[in-house]
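Single-letter residue listing:
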Amino acid sequence: MSDFPWLTALIVVPLVGALVTAVVPEPRRETALPKQVALGFSLVTAVLGIVIATQFHAGDGMQLTETHTWIEAFGVHYALGVDGLGLLMILLTVGLVPVVFLASWHEADGRNPAAFFAWALALQGFALCVFAATDVFLFYVVFEATLIPAYFLIGGFGREGRGFAALKFLMYQLGGGLVLLAAVIGLYVVSADAGTPSYLLSDLQQLDMSTAWERWLFVGFMIAFIVKAPLFPLHTWLADTTEKATPGTSVLLVCILDKIGTFGMLRFCLGIFPNASQWATPVVITLALISIVYGAFLAIGQDDILRLIGLTSLSHFGFITLGIFALTSQGGSGSILYMVNHGVGTAALFLLAGYLIKRKGTSLISEITGMEKRTPVLAGLFLVAGLATLGLPGLSQFVSEILVMIAAFDYHWWVGAVAVTGIVLAAVYVLWLYQRTMTGPSVPGDEGILDLGRRELVAVVPLLAALVVFGFFPQPMLDAVNPTVDSLLQHVGVSDDPPTVPAAEEGAH
Amino acid sequence: MYAFHEAGGIPVVDPSAADGVFGLLWLVIALPLAGAAVLLIGGRFTDRWGHLLGTALPIGSFAISVALFVSLLGRDDDKRQIGQHLYTWFETGHLDVGMDLLYDPLSALFLLLITGVGSLIHVYSIGYMAHDPRRRRFFGYLNLFVAAMLMLVLSENYLGLFLGWEGVGLASYLLIGFWQHKPTAAAAAKKAFVINRVGDMGLSLAIMLFFITFGSTSFTVISAGAGEASSTTVTILGLLLLLGACGKSAQFPLQAWLLDAMEGPTPVSALIHAATMVTAGVYLIVRSNFIFDLAPHAQTAVVVVAVISIFWGAWIGSSKDDIKKALAGSTMSQIGYMMLAAGLGVAGYAFAIFHLLTHGFFKANMFLGAGSVMHGMDDDVDMRHYGMVRKAMPVTYLTFGMGYLAIIGFPGFSGFWSKDKIIETALADNWLVGLCALLGAGVTGFYMTRLMLMTFFTDKRWEKGVHPHESPSVMTVPLMVLAALSVLGGVFLIGDWIVDFLAPVVGTPEHEDPPIPALAVTVLAVLVVAVGVAVAWLLVGRRDVPREAPQDVSFATRAGRNELYGNLINDTLVVNPGKHLTTALLATDKYAVDGVLTGGPVAVGALAGVARRVQNGYVRSYALSILLGAILVAAVLLAVNLR
C-alpha cells in the first residue's frame, strides 16, 4: 500500500475527470450527466485526500514522496511529497470542490455546463499538483498551468464585463509568473554553478548562495506570490475578478488558488531563501499591515457584495502574510491555520452571497434589504459565516487570527497594535453588510422569494459545521502543522523568544 | 492559608483537580449550550415546546450551581479553588491554551447570580414573549447568552474568558436586534457590537502582552509570575484590561451603545444589560486583581473612569422620559460604583462584587417591572404617558417599590448595605473620590424618585384606549422573588461574610480606622439621599407632569436627553473621519493604485481590443504565449548549461 503513488493518483483523478466531463457526447451535454460525472470524480478525489491524511504521520517531514527524473540536463524532476502544510492545503482543495459543484449546479446552465465543471476539475488537478510539488520547476509549470482553467472559468461563466475581468486577472498573473520565471531560471544558474544542477527542493535548501543572489531570487519569487495572494499594492485584480466571476469560481480562485501565494512564501521563500526572508521582513510586514487595514476600509466602502467579500480577503491575506513573516511558531502555525479557515469561511460567504444574489437578481447592497423576513435560514447562515470572518471566538478564524496577532505583537508591539484594528474594521464590514441586506422591513416584490432549498443547504452546511468544529477543536490541524513550522523556523535560523517572566518551577498545570 | 506572593498579600490562583460533585462543573455550561443548539438548529420543529426546554435547562444549571456552592462551603478556605481540564483548545510553540475551568468563591457567586436571575428571567419571558411568533428563537438566544456568560466567569485563562466575552457580545447583538425588522433595533445591535469591539482591542492586546510576558494566558501562571513583571508592563496590562472593561460595562468613554441597546425586548435589558453581561467588566478587573494590585496607576485610571461614569449615567438617568433609557442611565451609573470599588483594590473588591450582586437583584427586578408596566401600557415607554399605574398594577408597583428602595439605599434594603460600603471605602481612600460617591448617591435618589413618581404616582396621563392591567402570574412571580432578594440581599454582609468568602481570591483587606466613623458616613449618606428624594418630590411630585416633554429646558436637561452628546462626539471623532478615510481610500485605489499598476483601464482596454481582433481567440493567443514562454525557458536553460 505504501508504495502506491497516492499523490500522483490524487492529481490524475481530477484531470482525467476533467477530460471525461469535457467529452460527454453532444446529446447528453445539456443534461445533468456531465455534472454528475464531475461530482463523482471530485468525490473520488476527496476520498483519496482522506486516505492520504490517514497515512500521514505528523512530524515525519516530507512523506509519500515520489521522485522521477524528468529533464536530466536541467535537474528537473517530477517530484511530489506532502508535509503538514501541503496536507492541509490538499484537504482544503479536495473538500471545497464538491461543495462548489453542488452549490453551482445550475450556475452554468445554458452556457455549456460541461465546460464549467471540466475546467473546475482541471483547476483542482493543477492546484493539487502545486501543493504536492517538491521540485521548483514542476511547481512553476503547474503554477502557470492553473491560469488556463482559471481564465476560462472567469471569462466564460461570470456576469457582464467578465471578459475584461478575466483579462485583467490574466495580465496580473502572467506578469507575476514572468518574474517568477526569471527567478526560476536564476535559481538554475546558482544551482548549476554549485555543481550538479537540481530543482529539487531538498537540494536547493542545502544550496549556498551569495547574499545578493539570494535576495534577488527571493524578490522574484515574492513578487509572484504577492500578486497571487494578493497583497497591497498588487491586489487590484482581485475585486474586479470576484465581482464578475460566478461565486463558485470565486471560491476556487480566492479560497484555493490564491493560497498558492502564501503557500509559496512558506515553502519556497522561507525554504530556499531563509536569510533573504529575514532581510525582507520589515518590508513584507509593512505591506501586510497596509493590506489588513486598507483592504478592510475598501471592503467597508463597497456596494457590491461580491467585491466586498473579495476585499475582505485582501485584509485576511494581510494577516496570513503577517503571521508567516513574524517568524515565530505561533505566527507560522497560525498563518497555515488561517489559510484553511479563511478558505472555508470565505467559501461559505461567497456561496451564500451567490444564493442571495440569485434570488434578488442584483448584487448591489443598496438594492437588497429586509431579507431575513423572507429567507431566515439563508440570513442565519450568512450571519454565521460573517461572524467567522470577523474572528468571533468559537468559530474557526479566531484561533488563527489570535495566533497571528500574538506573533505580530511578539515581532513588535506596534505591529500587533496596528493588526488588532482589523477586528474592529471586520466587525464594521460584516455587520453593516448584514444590517443593510438582511434586516429592516421586507419590501414589496420579495413575496415570491423562497428560503434555501435542499441542494443549496447540503452544499454549505458542511462548511458551516467546519467553522464551528475547527473553532472549538483546531488542535488536530495544529498537530499536523506544528512540526512543519518548527523545522522551517529552524531552517531559517530563528527561535521563539522566551517569556519575559520565566514560568514558576511547578509549571502551569 | 493560601499561597501568598513574596511581595504583598496577593493570593495566587492554584486550583486542585475537580473531584466528587465538582466533576459536574462543565455541565453548568453544557446544559444551556445544548439548549441553544437544539432550539436554533432544530428550527420550527421545536416551536411548541422550545420555550419550556429553554427554561428548564438554565434551571438545571442553577440546581448544579447550588450543589456546587454548598460543597464549596463545606471545604476549608484554602481548598476553595477547583480546576477542571476539559481538553487542549490549541497549542503551538510554548503557547498552550486549555479549555480549563476554574471554580472558586468568585465564580461561585457569579454562577448563582447568572443561573438564578437568569432562570427567573426565562420564566418571566414565557409570559412576556407569549405572543411573539419567534419566541423559540428568543429562548435559543437567551440560552446561548447564559452559556457564554458562564464560560466567561468559569474560564481559567484569558482566552477562554475571551470566548465567553465575545459569546455574550454575540448574544447581546442578536437580542438587541431581535426585532430586526425595525431599522433602529438593527442599527443599535450593530452599534453595540462595534463599540464593544473597540474595547476588545484592549482585551486582545492584553492577551498578547500576557503571552509575551508570562508565556501563558492562564490565571495560575500569571498570578504566580505577576510580581516579577516590570511595573510598566503591569500598568499597561491594567490599562488594556480597563479598555476592555469599559466596552463591555458601558463605562466612559465607550458607553454610547447601552442606551440604544434598550431596543431589545425588556427581559434582555434586565438580564444582559443590567444584571449580568454589563457587569463583566467589573468581573474582569476583580479577576485580574493580581495585575491591578501591582499597578496603582491603572487603579487610579479605573477610579477616574468610574467616577465619570457614575455622574454621566446619573445625568442621563435624570433627564430621560423613556423608562428603559432612564433605567439604562442608572445602570451605567451603578456599574460606575462597582468599578470604583474595584479600582480601590483589596479594600474594595469584595464590595464591588457585593454591589454587583445586589444590583443584579434590584435592577433586574425594576427592568422586569418596567416590562410589566409596558405590557400594560401597550408597549409605550414614555413615562409622560404613565401616572398612577400603582392602582392598576398593584403587584408590579409593590415589587418595583422594593427595587426602588434598594437602589436609593433606603436603610435595611440590599442597596443600602452595598452602596454604603463603597462610599465608606472610597472616603477612607481619598476624600474627593468619597465625596463624589456620596453625591452620586444623592443623584440616584433624585432620578429614581422621579421615575417612580412619574410612573406609579402623579395624575393619569394615559394614551387613549390604554387600559393597564396586572401582568399574568408567570411574570409577577419572578418579580416577587426578585423583590424579596432586593430587600434581603444585604445578608451577604452579615459578619463580613462576603469579605471573608472572597478573601482566597482577592486577598484580605487591612483593617484601617476610617477618617470618619462608619456610622457618621452612613447617616451622611442617608441624608444626602433624602435630599435627592426631596428635590424630586418638589420638582416632579408636587407639580403637573406635562404630557409632552417641555422644550424650554435648561442646558443640563437638554444635554442629558441627548445622552451628553456621546453620539455626537463619536460621530465627530471616529465615524465621520472614518467615512472620509474610506472615500479617500476608494478613490486612491481606483485612480492611483489600480491606475498606475494596471496601466489604467485604457491600457487593458487596448489589450482587450488586441485580443478581440484575433477572432476572439483568447485560447490561441494564450496557447501561443505559453509556447513562446516554454521555448524561452528551454533556450535560457540550455544557454546556461552550455556555458
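A. Looking closely at the overall build of chain A. Looking only at helices and strands, chain A has 22 helices and 2 strands in total. A compact globule built from 509 residues should have a C-alpha radius of gyration of about 23 Å, and chain A, at 22 Å, falls within 12% of that. Here chain A holds 509 residues, and the buried ones make up 64% of them. In chain A, the share of contacts with a sequence separation of at least 24, taken over all contacts with a separation of at least 6, comes to 81%.

B. How the structure looks around the sheet that holds strand β3 (residues 95–103) of chain B. Residue and element names in this part refer to chain B. Strand order in the open sheet made by the 3 strands is β1-β2-β3, with mixed pairing throughout. Bordering the open sheet on either side are β1 (16–17) and β3, each of which pairs with just one other strand. As judged from the 9 bridges shared by strand β2 (residues 82–92) and β3, these two strands associate in the antiparallel manner. Within the sheet, the bridge partner assigned to T92 lies in β3 and is L95.

C. Local environment of the confidence of the model for chain A. For chain A, per-residue confidence averages 92 on the pLDDT scale, and residues scoring 70 or more make up 98% of the total. In the model, residues 505–509 of chain A has pLDDT below 50 throughout and makes 7 contacts with residues more than four positions away in sequence or in other chains.

D. Seen up close, the packing of helix α4 (residues 84–103) of chain A against helix α5 (residues 113–132) of chain A. Residues and elements named next belong to chain A. With their axes 9 Å apart at the nearest point, α4 and α5 run at an angle of 175° to one another. In this view, α4 runs roughly antiparallel relative to α5, as classed from their interaxial angle. Across from G86, M89, I90, T93, V97, V100 and F101 in α4, the residues of α5 making contact are F117, A120, Q124, A127, L128, F131 and A132. Split by residue class, the contact of α4 with α5 holds 11 nonpolar, 3 polar and no charged.

E. Here's a closer look at helix α1 (residues 25–42) of chain B. Residues and elements named next belong to chain B. Along its 18 residues, α1 runs 26 Å from first to last C-alpha, staying within 8% of the 26 Å computed at 1.5 Å per residue. Those residues of α1 not exposed but buried are L25, V28, I29, L31, P32, L33, G35, A36 and L39. Residues of α1 that are buried sit in contact with α2 (50–73), β2, β3, α3 (105–128) and α4 (135–154).

F. Broad picture of the packing of α2 of chain B against α4 of chain B. Residues and elements named next belong to chain B. In contact at an axis separation of 8 Å, α2 and α4 are set at 15° when each is read in the N-to-C sense. When the axis of α2 is compared with that of α4, the two are roughly parallel. In this structure, the crossing between α2 and α4 has a hand that is left-handed. Contacts between α2 and α4 involve G50, H51, G54, L57 and P58 on the former and, on the latter, R135, R136, F139, G140, L142, N143 and V146.

G. Quick look at the pairing of strand β1 (residues 63–71) of chain A. Residues and elements named next belong to chain A. Pairing analysis gives 6 bridges linking β1 to strand β2 (residues 76–82), with the strands arranged antiparallel. Across the sheet, Q63 pairs through a bridge with V82, a residue of β2. In this antiparallel pair of consecutive strands, β1 and β2, the connection spans 4 residues, and G75 shows a positive phi of 70°.

H. Representation of the domain arrangement of chain A. Residue and element names in this part refer to chain A. Here chain A is partitioned into domain 1 (1–272) and domain 2 (288–495). If you average the C-alpha positions of domain 1 and of domain 2, the two centres end up 22 Å apart. Those elements that provide at least two residues to the side of domain 1 that touches domain 2 are α4, α11 (236–244), α12 (247–257) and α13 (259–272). Examining the composition of the side of domain 1 that touches domain 2, we find that 9 residues originate from one element, α4, more than from any other. Of the residues that constitute the side of domain 1 that touches domain 2, the class distribution is 24 nonpolar, 9 polar and 4 charged.

I. Spatial organisation of the interface of chain A and chain B. Residue-level contacts link 66 residues of chain A with 66 residues of chain B. Broken down by secondary-structure element, the contributors of at least two residues to the side of chain A that touches chain B are α7 (147–157), α8 (162–193), α14 (274–300), α16 (329–360), α17 (371–374), α19 (396–411), α20 (413–438) and α22 (475–492) of chain A. Broken down by element, the residue count for the side of chain A that touches chain B peaks at 11 residues, all from α20 of chain A. Among the residues making up the side of chain A that touches chain B, the classes are represented as 42 nonpolar, 19 polar and 5 charged.

J. View of the nonpolar core. With 438 residues, the main nonpolar core has L352 of chain A together with L340 and I353 of chain B as its most contacted residues. Ranked by residues supplied to this core, first place goes to helix α6 (residues 183–214) of chain B with 18 residues. Residues from two domains meet in this core; each of domain 1 (1–272) and domain 2 (288–495) of chain A gives at least three. Leave out the neighbours within four places in its chain, and L340 of chain B touches V303, A306, V307, I310, I422, A426 and A437 of chain B.

K. Representation of the environment of A388 of chain A in the model. All names here are of chain A. Counting through the fold element by element, A388 comes out in helix α18 (residues 376–389). For A388, a count of 29 C-beta atoms within 10 Å gives the class buried. The residues touching A388, leaving out its near neighbours within four places in the chain, are G345, L395, S396, Q397 and L467.

Conventions and cut-offs
- Residues numbered from 1 in each chain as written.
- Chains lettered and ligands numbered in written order.
- Predicted model: local features only at pLDDT ≥ 70, side-chain atom pairs only at ≥ 80, totals over all residues.
- Helix = DSSP H or I, 4+ residues; strand = E, 2+ residues; numbered from the N terminus.
- Rg over C-alpha atoms; globule rule 2.2 N^0.38 Å.
- Buried ≥ 20, exposed ≤ 12 C-beta atoms within 10 Å, placed from the backbone.
- Contact = placed C-beta atoms within 7 Å.
- Pairing = 2+ DSSP bridges.
- pLDDT = per-residue confidence, 0-100.
- Axes fitted to C-alpha atoms, helices over the stretch in contact; angles between N-to-C directions.
- Parallel < 35°, antiparallel > 145°, perpendicular 65-115°, else oblique.
- Nonpolar A, V, L, I, M, F, W, Y, C, P; charged D, E, K, R; others polar.
- Expected span 1.5 Å × (residues − 1).
- Left-handed = near helix turned anticlockwise from the far one by under 90°.
- Domains from an automatic or database assignment.
- Core = buried A, V, L, I, M, F, W, Y, C linked by C-beta atoms within 7 Å.

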